[in-house]
Amino acid sequence: MTQFLSRKSGSIALLVIVFVACGVPAYAAQRTSGLWWMPDVASKGGEQIDQLTYFIYYLTGAVFVLTQVVYIYFLIKYRAKRGVRATYSHGDNRLELVWTAIPTAIFIGLWGYSNHMWWDVIHKEPPPGTMEVAVNAYQFGFSFQYPGASGKLGRSDVKLLSPENVFGNDRTDPLTKEDFQSGVLELPVNRGVRILLTSRDVIHGFYIPQFRIYQDAVPGRTIDWVWFVPTKVGSYDLACSQLCGSGHYNMKAQIQVVSEEEFDNWYKQKLAAAGNASAANAPAQSK
Amino acid sequence: MQASVTTIDELPAHPGGPNIIRFGMFTFLASEAMLFAGLICGYMVLRGGAGAGWQMPEALKNAETMIKTIIATLCLISSSFTLHFAEGRLIRHTKGGIGLLLLTILLGAIFLTNQALEWSNLHNEGFWFNTAGIMGSSFFVLTGFHGLHVFIGVLLLVTSLLKALGGKFTPQRHGFLECTGLYWHFVDIVWVFLFTILYIL
Amino acid sequence: MAETIVHTVRGELHGSHAHHPELSFFRKYIWSEDHKTIALQYLFTTMFFLLVGGLLAMGVRFQLAFPGAPVPLIGTLLPSWLVTSAGAIQPGGYNGLVTMHATAMVFLVIMPFLIGVFGNYLIPLQIGAPDMAFPFFNALSYWLFFLSGIVLLSSFFVPAGFPASGWTSYAPLSAHAQYNGTQAGQSLWCVGLFINGLASIAGATNYITTVINMRAPGMKMFRLPLPVWALFITAILLLLAVPVLSAAAAMLFCDLNFGTSFFSASNYGQPLLWQHLFWFFGHPEVYIMILPAMGIASEILAVNSRKPIFGYKAMVYALVSIGVLGFIVWGHHMFVSGMNILLSATFSFSTMVIAVPSAIKTFNWMGTVWGGSIRYTTPMCFALAFVSMFVIGGLSGIFMAATPVDLFIHHTYFIVAHIHYVLFGGSLFAVFGAIYFWFPKMFGRMMNETWGKIHFALAFIFFNCTFFPMHNLGLNGMMRRIADPPLYDHLRSSQPINIFVSVSAFCLGLSTIPFLINFFYSIFKGPKAPKNPWESTTLEWTVPSPPGHGNFETTPTVYHGPYEYSVPGMDKDYLPQNEPAPEKARIAVH
Ligand code: HEA
Ligand code: HEA
Ligand code: CUA
Ligand SMILES: [Cu+2]
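What you see is a predicted model, and the numbers here were worked out from it, not measured in a lab.

Cut-off values and rules
Residues numbered from 1 in each chain as written. Chains lettered and ligands numbered in written order. Predicted model: local features only at pLDDT ≥ 70, side-chain atom pairs only at ≥ 80, totals over all residues. Heavy atoms only, no water. Helix = DSSP H or I, 4+ residues; strand = E, 2+ residues; numbered from the N terminus. Rg over C-alpha atoms; globule rule 2.2 N^0.38 Å. Buried < 20%, exposed > 50% of the residue type's maximum accessible area, 1.4 Å probe, protein only. Contact = heavy atoms within 4.5 Å. Areas by Shrake-Rupley, 256 points an atom, 1.4 Å probe, with all protein chains shown as cover. Lys, Arg positive; Asp, Glu negative; His and termini not counted. Charge placed at Lys NZ, Arg CZ, Asp CG, Glu CD. Buried area = accessible area lost by both parts, 1.4 Å probe. Polar contact = N/O pair within 3.5 Å; in protein donor to acceptor, adjacent residues only side chain to side chain. Nonpolar A, V, L, I, M, F, W, Y, C, P; charged D, E, K, R; others polar. Donors = N, O, S within 2.8 Å, 3.2 Å for Na, K, Ca; no water. 1 Å grid on protein atoms, 1.4 Å probe; cavity = no way out; pocket = protein on both sides within 12 Å on 5 of 7 lines; lining within 4 Å. Points joined across faces, edges and corners; volume = space filled by probe spheres on them. Salt bridge = Lys/Arg side-chain N within 4 Å of Asp/Glu carboxyl O. Near = heavy atom within 4 Å. Tetrahedral: all angles 85-135°; square planar, octahedral: opposite > 155°, others 65-115°. Axes fitted to C-alpha atoms, helices over the stretch in contact; angles between N-to-C directions. Parallel < 35°, antiparallel > 145°, perpendicular 65-115°, else oblique. Left-handed = near helix turned anticlockwise from the far one by under 90°. pLDDT = per-residue confidence, 0-100.

I would appreciate a short explanation of the overall build of chain C in the present structure.
Regarding its fold elements, chain C presents 19 helices and zero strands. For 590 residues, the compact-globule estimate of 2.2 N^0.38 gives 25 Å, and chain C sits close to it at 24 Å. When its C-alpha atoms are laid out on the principal axes, chain C stretches across 75 × 50 × 50 Å. For chain C, the residues scored as buried account for 72% of the 590 residues in total. Intrachain contacts of chain C at a sequence separation of at least 6 include 78% that bridge at least 24 residues. Surface accessibility of chain C: about 16400 Å² in total, with carbon and sulfur atoms responsible for 72%. Averaging the positions of the 25 positive and the 21 negative side-chain charges in chain C gives two centres separated by 5 Å.

In structure tokens:
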């Protein structure tokens, strides 16, 4: 047994050094720049999600510190010492019960909180005045379709989706004729947006870190429950965050959140351009 | 060396029965059951999701295919019984064991032959892995997997036959035969499921 | 009479070699049916695969730190699916690296390390059995595993190279060559995993049968050492989860090669079916990779604290409940996959619940070191670190279990950090600890303690430097599986962190070298090990190091539970399981 005693002080010193060596720089670096933390949130739902993230952060942080402090205290206090025997104990049922019950309560409470928020952020009907935009993902890019002057997207169905008709528009619906497409996701600030998400080939992701929103686009389906309210004017990356092939690393689109007026201008221009185009097309088609 | 020294305290429940082997076989069959459960659940989910898009291809519906398959199914089911009766006789070396085992092999072979013919028939009628939506996919993959199991089962039966002819089975030692039996019954039961969901429902 | 029956059982199982002590070279080293030899075969093979998986990770880290830079030294030698003509890693090739890194680490490293090596080595020795129930299938299991490794890695040499759809191989990307461009590699992936599954099932059948039927007299279930309990539950998980992956892989193979449409939306298939099947396997799989590690860590902690494990029964119940609950939480990988959002809420609930048994285990480990007399041996250092690292990894799991937070961090480096904290800081640390701990038994020699400590310190420091900042990268919105992060505006500024992480990762890789040297040197030159160098109580320490064929000269009889350390009233501070408690010992009845 003495063979194990002789090295004790060295080992403990080593352990302490190791913990300090890892902890201190990691912590110090955290403080010196903002880039170690979440990007500034830019949507309403995102603000709520951040609350929850912080809550869990403090909760788990506290659990971590508590457990590790106690643990390391034990490790130092109960190192092998000559002539001191370990306590003979097989456990303690009361203690066991306590540390089963408390985490259970915490976890169930946390689930309640998080589920409540899940409901708020995803399930709830979006605010009135919400605009619909169809988003179609493909290897390797996104395209967007906006409703025409009526403010409503025409009927579409994934079954109609084809290389010529990537949004699966129902061409018999008069509303479809007004819809127009865009390569940039232009959005007015502080107005709700609901997206109708489809994919042409494989599963893609619709991920906007600043909005704290993620949804997969699944081929063969239209996913229509995702909505958000951008709260900050600016330009963001829409990233595909689901591995989708060799071009996945660079599959993105630009999101432009602008003021209400700017958006109206852009919208009118686009609408006019689309109207001209379809007017030019119409006679050609009837031939 | 010491390999024959044992450490088993709870001894086989019935004296004479190689209980460990049976236990192991049941364990293995649980795993096989999960394999088929995976395939069958996949099929049911797809079929449920396809709605009106799902239809039984003509080639499967016609009476001739049906009758042949029913006969093959009956062969497979009765082979479970013949094997059951063969087992006892082979172990105790009473009369008729070899004959019954041969009959079992024959019935298994009939099932396999029918399946092979049916596949080529369906293929000729234009029903294959990549046709009829998920019906083609599921039909051939499920029956294929099962057919492979029957094929392995027949190989095991043939091996049992050789062992029996060599006088290898005794009331004390017949683990191989017993496992073959369990496997064969399992394959049989799976077929009843597959037949129901693929041909009837 | 009882003896004869068992004799016949063993006779038939053991076939001929029970009566031939002198085995040919082939039967001794290649097709050996001795569980200890098989364990060593697994050990060496798996160490080799660890180097392969690690090197692939080095490739990943190199690309992330220096996107577009040619790979030094070997760049131009690499095949064209992987690198450009200048020798820089291509995006498609990068996906292949990530996929094979994870596939190798999961299926060829962690699983065989924990289950193949320590399952094989420990189960018969710790329960007092001469061998596994089915030695033939045990040997078969190893060779199938070996074959699956060859099949998986051979995809390096086929046209278009490695499969590149991630280790999760989501369909329809994985199901159509026109989408993934790696028909051959992806097909080999399916075949390899199918064979790997057969190996796992053969092993699992063996373990379950052995534990249930072949325990030494007196070895009740509640006297089993915890590694055996953990491996037993793991084997049940393997038995029930792996075949589902096999079924899914077979379907994927048919989609790729026979034109079936299980997973493609055209023709009525369902892309999400793949995810359900995969994660029905995949989640039990992650517990398969941690439970044995937990068992091993418990053992090492108890021995080196000289204390009975705190709450043995609670530990066992926790293992069992993790095993059961593990089958109903798979949907937490699919919160944002397009699955019904009400289902997400239920899966979130079950995920929160499954964290409870892990909490119990953590507190019991702390209870075990409390009041102990802790010996800081190398295995102990790894086991202690295992607990802390598992806590970090587990706590990050709580973020993801909360559905709204997962909306933000899904598929970011936060997940990558979680994976590595539980799998490297957890499972692999436990494996290192176990190697140091059972090395004397396996090879009859001791490993060098000083070099062991150096290995530990380096691995611990660089592990944390590599994977801790990944949490921050994830919170910063860095997506997984992207070959060139600075392409994104929000990631450009965090590139220095990526460089820091990569440099740490290289150091982490290099930290393996002292271990390897220590390991191989000690096999030949280490000091001779006594029977019981750690003064431990379980049965494997009652036989010579290394144990002979058949393990026990005479069947041991077990008198009490596995962790009787520091029993009051005894002179020595440990009471082996096969020694009746002396008169004056005040042993608690359990
Ligand atoms: C060994 C492997 C292992 C283990 C043990 C775990 C354990 C856990 N995992 Fe992990 N997980 C993986 C391996 C593992 N995971 C892998 C490989 C992936 C990614 C797959 C991929 O996509 O490629 C993944 C992904 C993953 C996801 C999906 C994320 C996403 O893709 O968006 C989720 C979501 O819920 C999750 C949750 C959890 C939880 C809640 C636990 C819990 O079991 C953890 C419980 C432990 C603790 C909580 C710590 C100790 C407890 C205490 C100290 C008590 C007190 C605590 C509190 C009161 C908070 N994991
Ligand atoms: C199962 C266990 C396991 C282990 C042990 C590891 C070990 C490592 N992993 Fe692993 N990793 C996974 C499982 C694992 N990983 C999984 C499941 C994924 C998800 C994949 C997916 O998205 O599909 C993943 C993904 C993953 C990514 C994300 C890639 C991406 O999404 O784009 C990264 C990036 O840094 C990474 C890095 C590393 C590193 C640096 C190590 C290091 O710890 C490795 C250390 C190396 C060794 C121990 C080898 C021995 C040393 C040498 C060979 C000599 C040294 C040589 C030099 C220094 C040149 N891993
Ligand atoms: Cu589309 Cu990744
Ligand atoms: Cu999981």
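Picking up where we left off.
So what exactly am I meant to see when it comes to the interface of chain C and chain A here?
Much of the literature gives interface size as the accessible area that the parts lose upon coming together. The interface of chain C with chain A comprises 112 residues on the first partner and 94 residues on the second. In total, about 9200 Å² of surface goes out of reach between chain C and chain A, with carbon and sulfur atoms giving 70% of it. The interface formed by chain C and chain A contains 30 residue pairs in polar contact (both at pLDDT 80 or more). Secondary structure elements with two or more residues in the side of chain C that touches chain A: α4 (91–127), α9 (271–288), α11 (312–325), α12 (341–369), α13 (378–401), α14 (403–409), α16 (449–475) and α17 (489–492) of chain C. With 15 residues, α12(C) is the largest single contributor of residues to the side of chain C that touches chain A. Grouping the amino acids of the side of chain C that touches chain A by side-chain chemistry returns 67 nonpolar, 30 polar and 15 charged.

It is not clear to me how the coordination of the iron atom of ligand 1 should be interpreted in this structure. Could you clarify?
Any two of four tetrahedral donors ideally make an angle of 109.5 degrees at the metal, while pairs among six octahedral donors ideally make 90 or 180 degrees. A lone protein donor binds the iron atom of ligand 1: C:His418 (NE2), at 2.1 Å. Here the iron atom of ligand 1 and the copper ion (ligand 4) are spaced 4.6 Å apart.

For this particular structure, what's the right way to read empty space enclosed by the protein?
Across all of its chains, the model carries eight cavities of 30 Å³ or more by this definition. Of the volumes computed, that of the largest cavity is approximately 170 Å³. Considering the residues around the largest cavity, the lining is formed by 17 residues, among which C:Tyr42, C:Pro112, C:Ile115, C:Ala199 and C:Ser200 are closest to the centre. Listing elements by their share of the lining of the largest cavity, those giving two or more residues are α4, α5 (135–154) and α7 (183–213) of chain C. Along the lines of polarity and charge, the residues of the lining of the largest cavity split into 10 nonpolar, seven polar and no charged. Lining the second largest cavity are 13 residues, and of these A:Ala134, A:Gln145, A:Ser156, A:Phe167 and A:Leu196 lie nearest its centre. Looking at the lining of the second largest cavity residue by residue, the class counts come to five nonpolar, six polar and two charged.

Explain the pattern of salt bridges here, please?
Pairs can form between side chains of opposite charge whenever their charged atoms are close. Considering all chains together, one arrives at 14 salt bridges over all chains under this definition. The shortest N-O distance in the salt bridge between A:Asp50 and A:Arg212 comes to 2.7 Å. Here A:Asp50 is found in helix α3 (residues 44–77), whereas its partner A:Arg212 is found in the loop between β6 (204–208) and β7 (213–217), with 162 residues between them in sequence. Like A:Arg212, A:Asp50 is buried. A salt bridge links C:Lys453 to C:Glu449, with the nearest nitrogen and oxygen atoms 3.2 Å apart. With C:Lys453 and C:Glu449 both in helix α16 and four residues apart, this pair spans about one turn of that helix. Accessibility classification places C:Lys453 together with C:Glu449 in one group, the buried group. Each of A:Glu125, A:Glu132 and A:Arg194 takes part in salt bridges that share partners, so that together they form one network.

What is the right way to read the site of ligand 2 from this model?
Residues and elements named next belong to chain C. Looking at ligand 2, there are 34 residues lining it, with Arg61, Tyr94, His101, His420 and Arg481 nearest. Within the side chain of His101, a nitrogen or oxygen atom sits 2.8 Å from a nitrogen atom of ligand 2. Take Trp167: an N or O atom from its main chain is 3.0 Å from an oxygen atom of ligand 2. Of all elements in the fold, only α3 (35–65), α4, α15 (413–443), α16 and α18 (495–510) reach the threshold of two or more residues within the shell around ligand 2.

Would you take a moment to explain the coordination of the iron atom of ligand 2 for this structure?
Residues and elements named next belong to chain C. Around the iron atom of ligand 2, the protein contributes the donor atoms His101 (NE2) and His420 (NE2), which lie 1.9 to 2.0 Å from the metal centre. Taken together, the six donor atoms coordinating the iron atom of ligand 2 span angles of 87 to 179 degrees at the metal, a pattern that classifies the geometry as octahedral. With His101 in helix α4 and His420 in helix α15, this residue pair connects regions lying 319 residues apart in the sequence. The class of His101 is buried, set by a relative accessible area of 15%. Judged by relative accessible area, which is 18%, His420 ranks as buried.

Can you help me understand the packing of helix α1 (residues 19–50) of chain B against helix α6 (residues 175–200) of chain B in this one?
The relative placement of two packed helices comes down to the angle between their axes together with the axis-to-axis distance. Residue and element names in this part refer to chain B. One way to put it is that α1 packs onto α6 with a least axis distance of 10 Å and a crossing angle of 15 degrees. In terms of orientation, α1 lies roughly parallel with respect to α6. Crossing hand, α1 versus α6: right-handed. Mapping the contact onto sequence places Ile21, Arg22, Met25, Phe26, Phe28, Leu29, Glu32, Ala33, Phe36, Ile40, Tyr43 and Arg47 in α1 and Gly175, Glu178, Cys179, Leu182, Tyr183, Phe186, Val190, Leu194, Ile197 and Leu198 in α6.

I tried to follow the arrangement of the chains on my own but got confused; where do I start?
Once contacts are tallied for each of the two pairs of chains in contact, the highest total is for chains A and C. For the non-touching pair chain A and chain B, the nearest C-alpha separation works out to 11 Å.

Sorry if this is basic, but what is going on with the environment of C:Met442 here?
All names here are of chain C. Relative to the helices and strands, Met442 is located in helix α15. On the basis of relative accessible area, Met442 is assigned to the buried category, the value being 5%. A sequence separation of 25 residues divides Met442 from Ala417, and the C-alpha atoms of the two residues are 33 Å apart. Those residues in contact with Met442, other than ones at most four positions away along the chain, are Leu40, Leu43, Val117, Phe118, Tyr121 and Pro546.

In this structure, what is going on with the confidence of the model for chain C? I would like to understand it.
Interpretation of this model should avoid reading the predicted coordinates in detail wherever pLDDT is low. Residues and elements named next belong to chain C. With 96% of its residues at a pLDDT of at least 70, chain C reaches an overall mean of 92. The spread of mean pLDDT over the elements of chain C runs between helix α1 (residues 2–14), the lowest at 38, and helix α10 (residues 291–305), the highest at 97. Per-residue pLDDT stays below 50 along residues 1–20; that stretch engages in 41 contacts with residues further than four places along the chain or on separate chains. What the predictor reports for the complex is a pTM of 0.93 with an ipTM of 0.91.

I tried to follow the site of ligand 1 on my own but got confused; where do I start?
By nearness alone, 31 residues border ligand 1, and C:Trp167, C:Tyr287, C:Asp406, C:His410 and C:His418 come closest of all. More than one chain reaches ligand 1: the nearby residues come from chains A and C. One of the side-chain nitrogen or oxygen atoms of C:His410 is found 2.5 Å away from an oxygen atom of ligand 1. At the level of secondary structure, the elements contributing two or more residues to the shell around ligand 1 comprise α4 (93–123) of chain A together with α9, α12, α13 and α15 of chain C. Looking at which element gives the most residues to the shell around ligand 1, the answer is α13(C), with seven residues. The residue inventory of the shell around ligand 1, partitioned by class, reads 20 nonpolar, nine polar and two charged.

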